[in-house]
Amino acid sequence: MRLSALLRLAAPPKLPKGYRHGTWRPGTAAERLRNPPGQRRKKIFVEPISREDWKVFRGDTVQVLTGKDAGKQGMVTQVVRARNWVVVEGLNTHYRYVNRDAKYSSTYIASEAPLLLNQISLVDPEDRKPTEVDWRYTEEGERVRVSLRTGRIIPLPLWQRRDGIVPEQWIDGPKDTSVDDALDKTYTPSLKTFEEEIMDAMGIVETRRAKKSYWY
Amino acid sequence: MAAARAIAALGRRLAGSLRLSGARPGLMAAGLPGLTLNPCHKNLAQAEPLCHARFLHATLPQKGLEEFFDDPKNWGEKTVKSGDAWNIKQLRAKSSQDLHKLWYVLLKEKNMLLTLEQESKRQQKPMPSPERLEKVQKSMKNIDLVVREREIALRLLQTGHEKPVPGEWRNDFLGRTYWYSYKEWPIPWYLNKKYQKRKFYYLPHVNRFIRLRLEKKLRLRNRRQNLEKKKRKLLEKKFPHLAVKSQSQ
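Sequence order sets the numbering: in each chain, residues are counted from 1 along the sequence as written. Chain labels run from A onward and ligand labels from 1 onward, assigned in the order the entries are written. Local features are withheld for residues below a pLDDT of 70 in this predicted model, meaning they are given only at 70 or higher, and side-chain atom pairs are given and counted only at 80 or more; totals for whole chains, interfaces and linings count all residues. Just so you know, side-chain values use all the structure's heavy atoms and leave hydrogens and water out.

Where an unreviewed UniProt entry is consulted, chain A appears under the name Large ribosomal subunit protein uL24m, with the organism given as Gallus gallus. UniProt positions are given in the numbering used here, feature names are shortened, and annotations may be inferred rather than shown by experiment. We quote the UniProt Sequence similarities (unreviewed entry) comment for chain A here in full: "Belongs to the universal ribosomal protein uL24 family." Under the UniProt heading Subcellular location (unreviewed entry), the note attached to chain A is "Mitochondrion".

Observations regarding the overall build of chain B
Each helix and strand counted, chain B has nine helices and four strands in total. Secondary structure elements follow DSSP: runs of H or I of four or more residues count as helices, runs of E of two or more count as strands, with numbering from the N terminus. The order of helices and strands in chain B, counted from the N terminus, is α-β-α-α-α-α-α-β-β-β-α-α-α. Categorising residues by exposure relies on relative accessible area from a 1.4 Å probe, with only protein chains included: less than 20% of the type maximum marks a residue as buried, more than 50% marks it as exposed, and the intermediate range marks it as partly exposed. A buried classification covers 32% of the 249 residues belonging to chain B. Here a residue-residue contact requires only that any non-hydrogen atoms of the pair lie within 4.5 Å. The contacts in chain B between residues at least 6 apart in sequence include a share of 64% that link residues at least 24 apart. Every accessible area reported is derived by Shrake-Rupley at a probe size of 1.4 Å, with residue values counting cover from the shown protein chains alone. Accessible surface for chain B amounts to roughly 17,400 Å². Of this, 57% is attributable to carbon and sulfur atoms.

Here's the deal with the pairing of strand β1 (residues 61-64) of chain A
Residue and element names in this part refer to chain A. The sheet contact formed by β1 and strand β2 (residues 73-80) spans three bridges and is antiparallel. Within the sheet, the bridge partner assigned to Q63 lies in β2 and is Q73. Two strands form a pair only when DSSP identifies at least two bridges running between them. In this sheet, strand β7 (residues 120-122) lies alongside β1 in antiparallel orientation, the contact comprising three bridges. Within β7, the position partnered with V64 by the bridge is I120.

A closer look at the pairing of strand β9 (residues 143-147) of chain A
Residues and elements named next belong to chain A. Summarising burial for β9: four of the five residues are buried, a large majority. As paired elements, strand β8 (residues 133-137) and β9 share five bridges and run antiparallel to each other. What sits directly across from V133, in β9, is S147. Connecting β8 to the next strand, β9, in antiparallel fashion are five residues, including G141 with a positive phi near 105 degrees. The pairing of β9 with strand β10 (residues 153-154) spans two bridges and is classified as antiparallel. If you follow R145 over to β10, its bridge partner there is I154. Between β9 and the antiparallel strand that follows it, β10, lie five residues; G151 among them carries a positive phi value of about 90 degrees.

Concerning the sheet that holds β2 of chain A
In a beta sheet, neighbouring strands are held together by backbone hydrogen bonds and run either parallel or antiparallel to one another. Pairing is antiparallel in the open sheet, where five strands are placed in the order β6-β3-β2-β1-β7 (chain A). At either end of the open sheet lies a strand with only one pairing partner, and these are β6 (115-116) and β7 of chain A.

What to know about the confidence of the model for chain B
Residues and elements named next belong to chain B. For chain B, per-residue confidence averages 81 on the pLDDT scale, and 75% of positions sit at 70 or higher. Confidence scores differ between elements of chain B, with helix α2 (residues 41-52) showing the lowest mean pLDDT of 38 and strand β3 (residues 177-181) the highest of 97. pLDDT is defined as a per-residue confidence score from the predictor, taking values between 0 and 100. Across residues 6-11, where pLDDT falls below 50, the model places 24 contacts with residues more than four positions away in sequence or in other chains. Note on residues 14-58: pLDDT under 50 across the span, and 71 contacts to partners over four residues away in sequence or across chains. Taken over the whole predicted complex, pTM reads 0.73, whereas the ipTM for its chain interfaces reads 0.75.

Quick word on the UniProt feature "domain: KOW" (unreviewed entry) in chain A
The feature "domain: KOW" (unreviewed entry), as given by UniProt, occupies residues 55-82 of chain A in the numbering adopted here. Between the C-alpha atoms that bound residues 55-82 of chain A there is a distance of 14 Å. The span itself is 0% helix and 43% strand.

Quick notes on the packing of aromatic side chains
Centres within 6.5 Å are what make two rings of Phe, Tyr or Trp a pair, Trp counting through its six-membered ring; a difference in plane orientation under 30 degrees is then read as stacked, over 60 as edge-to-face, and the rest as tilted. Taken as a whole, this structure holds 11 aromatic pairs over all chains when the rule is applied. When the centroid spacing of 6.4 Å and the interplanar angle of 75 degrees are considered together, the rings of F57 of chain A and W135 of chain A count as edge-to-face. Linking F57 of chain A in the loop between α2 (29-34) and β1 with W135 of chain A in strand β8, this pair joins segments that are 78 residues apart in sequence. The exposure class assigned to W135 of chain A is buried, which follows from its relative accessible area of 15%. The structure contains a cluster of three or more aromatic residues connected by ring pairs, namely Y216 of chain A together with Y180, Y182, W185, Y195 and F200 of chain B.

Remarks on the interface of chain B and chain A
Taken together, the 58 residues of chain B in the interface contact 43 residues of chain A. Note on chain B versus chain A: buried area summed over both sides is about 4,600 Å², and carbon and sulfur give 63% of it. Salt bridges are counted wherever a side-chain nitrogen of Lys or Arg sits within 4 Å of a carboxyl oxygen of Asp or Glu. Where chain B touches chain A, the interface holds three salt bridges. Two N or O atoms count as a polar contact when they lie within 3.5 Å, although within protein this holds only if one can serve as hydrogen donor and the other as acceptor, and sequence-adjacent residues are included solely when both atoms are side-chain atoms. Where chain B packs against chain A, one counts 21 residue pairs in polar contact (both at pLDDT 80 or more). Throughout, buried area stands for the accessible area (probe radius 1.4 Å) lost by two parts on being put together, summed over both.

Considering helix α6 (residues 131-158) of chain B
Given 3.6 residues per turn, any residue in an α-helix points the same way as the ones three and four places further on. Taking 1.5 Å of rise per residue, 28 residues should cover 40 Å, and α6 of chain B covers 41 Å from first to last C-alpha, within 8% of that figure. Looking one or two residues past α6 of chain B, G160 of chain B carries a phi angle of roughly 90 degrees, positive in sign. One less than the number of residues in a helix, times 1.5 Å, gives the span that helix is expected to have.

Digging into the layout of surface pockets
Empty space within the second largest pocket amounts to approximately 930 Å³. We place a 1 Å grid over just the protein atoms. Points where a 1.4 Å probe fits but has no way out form a cavity, open points with protein on both sides within 12 Å along at least 5 of 7 lines form a pocket, and any residue with an atom within 4 Å of a point lines it. Lining the second largest pocket are 35 residues, and of these E47, I49, K55 and L117 of chain A together with H241 of chain B lie nearest its centre. At the level of secondary structure, the elements contributing two or more residues to the lining of the second largest pocket comprise β7 and β8 of chain A together with α8 (207-238) and α9 (240-248) of chain B. When residues of the lining of the second largest pocket are assigned to their parent elements, the largest contribution, four residues, is made by α9 of chain B. Taken together, the residues of the lining of the second largest pocket break down into 18 nonpolar, eight polar and nine charged. Grid points are joined across faces, edges and corners, and a volume is the space filled by probe spheres set on the points. Amino acids are sorted into nonpolar (Ala, Val, Leu, Ile, Met, Phe, Trp, Tyr, Cys and Pro), charged (Asp, Glu, Lys and Arg) and polar (every other residue, Gly among them).

Right under this line is the structure:
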């Protein structure tokens, strides 16, 4: 198949023009219920922050500056970059009923509301006080977040995979290649094309001659 | 490096050594609870002994059709554990023979997963672990990219051209300029009636329309630029610090 067609298949479907992002992942049933196709909502203005300038990640500890839970610290569970939103675990909560059934009267749970970036501040790891943070480069050349007040580096939170697999604890299944086999380097660069190398390896000899063709 | 090895420790797909031992006692549960295989009428008479004789290889498994189905241990499971997809960095280190073999292994796995997907749609049940299909497709796409990269590198070295097919800029009968890539023909251009009918030139009366098209393009470009300026102004009004930042820059 042509490369461009392959890439188009792999790319996720584009969101509509006036799409309003919520805390739900596009593709889930909840999102489809709240954002049906053809829905047009008022435009929400979001301060544009470039990909490189983004400082808060899932798993970071942040302090809430305004609102009901001002002054409390918590871990970020969800980040919605399209709306500059951050959802902190257990903070800025309101209460609602979920899982209502024909037979079951629903459960009363606390659900967190998202906070904007200017209502949030990253926390210095040793001080445990809120600081302004900037991206700087170390002497090794690594890009790190540095607290402007103290000068300490704020390490990036441990990146966990979305499917919950921890690479250190993985045991290979019957269809999985072992680590050594996968990382084994068998490639030797040569001036033969892929097809020629395969033909040599399989002992295929092409004795047919192509008929004269014209390119224009 | 340790992180890379840890990530690599997830394992990949290499199902070359999968073999089904013994016969299937019945034509039941190929990957889904309640699934029955439907052999075609020709094989029905031969498939009959399957139900009675447990340790006889029947027609179906002998022909290699068992490769369209998962390991019988996974039949009826809700989820099947699977490793990560092949990374492009790992594939770049593999020889052509390895890539060739891996392609066919992945193809057979994809066929098995697609059969499973279709059967789960037919039975209106959820497919166990559909992410396996995405991983296989991603690995196959990466193999294709690696082979293409190597081909382009070799062609650049030998000819200096990146594109496999030569071409040139040509005008069409509407005055538009476009990249025409050459096609392979069995006869030369002066004998090709179909090719002669195509017009790669435009007559003088088209000049007016070229001008109109240019005007339209410029109008659209100006409208787009004005819209961007307006949006930026509106954003600066809503977020005043952006205006200050742009002024300082």
